[in-house]
Amino acid sequence: MAKEKTVFFCKECGFEVSKWQGQCPGCHAWNTLVEAPSLGKGKKSRAMSPAALGQFRADKPARLNEIESQKECRLTTGMSELDRVLGGGIVPGSLILVGGDPGIGKSTLLLQVCRLLSDKSIKVLYVSGEESARQIKMRAERIGKFSDELYLYSETCMGTILQAVEQIQPGILIVDSIQTIFEEGVDAAPGSVSQVREVTGTLLQLAKSKNITVFIVGHVTKEGNVAGPRMLEHMVDTVLYFEGDKTAMYRILRGVKNRFGSTNEVGVFEMRNQGLMEVPDPSAFMLEGRLEHEAGSVVACTMEGSRAFLIEVQALVCQTNFPMPRRTAVGTDFNRVNLLMAVLEKRLGIRMGDCDAYVNVAGGMKVMEPALDLALVAALLSSHSGQSLPDGTLLFGEVGLVGEVRAVSQAEQRVAEAIKSGYDRCILPESNRQSILKAGNLDVSGMKLAGIKHIREITNLF
Ligand code: TYD
Ligand code: MG
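Here the structure is a predicted model, which is why all the values come from computation and not from measurement.

What counts and how
- Residues numbered from 1 in each chain as written.
- Chains lettered and ligands numbered in written order.
- Predicted model: local features only at pLDDT ≥ 70, side-chain atom pairs only at ≥ 80, totals over all residues.
- Heavy atoms only, no water.
- Helix = DSSP H or I, 4+ residues; strand = E, 2+ residues; numbered from the N terminus.
- Buried < 20%, exposed > 50% of the residue type's maximum accessible area, 1.4 Å probe, protein only.
- Contact = heavy atoms within 4.5 Å.
- Areas by Shrake-Rupley, 256 points an atom, 1.4 Å probe, with all protein chains shown as cover.
- Lys, Arg positive; Asp, Glu negative; His and termini not counted.
- Charge placed at Lys NZ, Arg CZ, Asp CG, Glu CD.
- Axes fitted to C-alpha atoms, helices over the stretch in contact; angles between N-to-C directions.
- Left-handed = near helix turned anticlockwise from the far one by under 90°.
- Nonpolar A, V, L, I, M, F, W, Y, C, P; charged D, E, K, R; others polar.
- Near = heavy atom within 4 Å.
- Polar contact = N/O pair within 3.5 Å; in protein donor to acceptor, adjacent residues only side chain to side chain.
- Salt bridge = Lys/Arg side-chain N within 4 Å of Asp/Glu carboxyl O.

**Considering the overall build of the protein**
Next, step 1: Across its full length, the protein holds 11 helices and 21 strands.
Next, step 2: Considering only C-alpha atoms, the protein reaches an extent of 80 × 55 × 50 Å along its principal axes.
Next, step 3: Counting across all 462 residues of the protein, residues that qualify as buried make up 49%.
Next, step 4: A fraction of 68% describes how many contacts in the protein between residues 6 or more apart in sequence connect residues 24 or more apart.
Next, step 5: Within the structure as shown, the protein displays about 22,100 Å² of accessible surface, and the carbon and sulfur contribution to it stands at 51%.
Next, step 6: Separation of charge centres in the protein, based on 52 positive and 53 negative side chains, amounts to 4 Å.

Below is the structure:
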């Protein structure tokens, strides 16, 4: 018997080579090539098959202007935070990947989607390769009452799942998770590169040929990629990531790729006992429990996609008792905090070299954007001097190495959010202030805009 031919796939990008190498020629990542059986001639990969796209095919090329535009009908789930991330609802026949750390709430979210859709008399089939139907039932009992249109199936074999789809004819199929499902013809373990590729190919074909919307759950590796080849992300229409600190209650659903909408949207949820709740006003949620007039606490405004959030930034600066001062940053970039402290020391002559400094973005959010700089500087200054900023003040702006305060993007939305949340004073980069006033789109009558050009001007504002 001839030895079965094998090839090597890159786990990151899906690049295929015939011989093992230390480095992937495609994405130059190291140690990412894994062995997988070659699909051979007769078994052409379905993932690559044009049949999957059959229904989109035309006989000949056509002029763009002559193609009839079609008002795509969207199916709203009724969960507005999710609909927003999807670009206004589910496009029937699309393939949607929901990624996230284990335990973040992917299964819970999808079960809630199942509930909302089955309430609209849409047949939903929820296939789980991770939990038994009983376990899912237990979770469902926490969430609420379900209609008769929801079918559960605990199965991992793709062939059997296809039979069930044939039998039930659902409008929505949920596959939880892609890493547990296997295709019989492929000689590799579930979750391996070739299995994930084949199973996704089959699901893609199913979605496009039968117009079934398929949600795929995918686990995320430590590096933050969906485990399995990056190819998975290329194959699906929409990639959503569910993220958040497991210890914090809130979760953010982020669109990373969307063929039918913008990827600038985020949805905010809170994990409660009865499942995930939408958080329509995240700013109020993030600032809950904040104490006014406390030195070392300031309010900043950050953007997540096209949404503005008010968050609390805290700093604690105190004389060190260690030979090397301690510095920590939770929820923001540690190196950035060190850099800003060096700027404060050099440009304002404030001695912080012998101080411990602890910085925290309260509420468990992670904010990496430079617009947070000004708030970090203000929080550090406030804790160091023991003075607090007046109530109702917030700040945003990027700080450069000479201490200059630079403009940030979407300043208008940030100020609008501050007004909405009842703030009446905003410290911001002078150039942003001028552009907001010049554009005149925003009614800033109730808001005092304090534009600054250099961080030394902040000290007068305490
Ligand atoms: P789960 O959806 O199983 O996560 P994933 O599918 O992403 O691995 O949910 C995980 C956590 O959510 C679990 O630790 C329990 C918690 N949870 C609640 O707090 N409230 C609830 O109503 C439910 C259903 C789960
Ligand atoms: Mg799960």
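**Focus on the packing of helix α8 (residues 334–348) against helix α9 (residues 373–385)**
Next, step 1: Running from amino to carboxyl end, α8 crosses α9 at an angle of 65°, the nearest separation of the two axes being 10 Å. Both α8 and α9 take part in a crossing whose hand is right-handed. Counted together, Arg-336, Val-337, Leu-340, Met-341, Leu-344 and Leu-348 of α8 and Asp-373, Leu-376, Val-377, Leu-380 and Leu-381 of α9 form the full contact between these two elements.
Next, step 2: Residues belonging to the contact of α8 with α9 are distributed by class as follows: 9 nonpolar, no polar and 2 charged.

**Digging into the site of ligand 1**
Next, step 1: The environment of ligand 1 is formed by 15 residues, the closest being Gly-103, Ser-107, Thr-108, Arg-272 and Gly-275.
Next, step 2: Contact between ligand 1 and Gly-103: an oxygen atom at 2.7 Å from a main-chain N or O atom of the residue.
Next, step 3: Contact distances for ligand 1 include 2.6 Å between an oxygen atom and a side-chain N or O atom of Ser-107.
Next, step 4: Across the complex, the protein chains shield 75% of the 560 Å² of accessible surface that ligand 1 would expose by itself.

**Some words on the pattern of salt bridges**
Note on pairing: side chains with opposite charge can pair once their charged atoms come close.
Next, step 1: This structure, assessed with the given rule, holds 17 salt bridges.
Next, step 2: The partner of Lys-208 in a salt bridge is Asp-237, and the shortest N-O contact between them spans 2.7 Å. Note that Lys-208 is positioned in helix α5 (residues 193–210) and Asp-237 in the loop between α6 (231–235) and β9 (238–243), a separation of 29 residues in sequence. Both residues of the pair, Lys-208 and Asp-237, belong to the buried class.
Next, step 3: With a closest N to O distance of 3.9 Å, Asp-354 and Arg-351 form a salt bridge.
Next, step 4: Among the ionic contacts, a cluster of salt bridges with common partners joins Glu-81, Arg-84 and Arg-307.

Coordinates in, geometry out; function isn't part of it.
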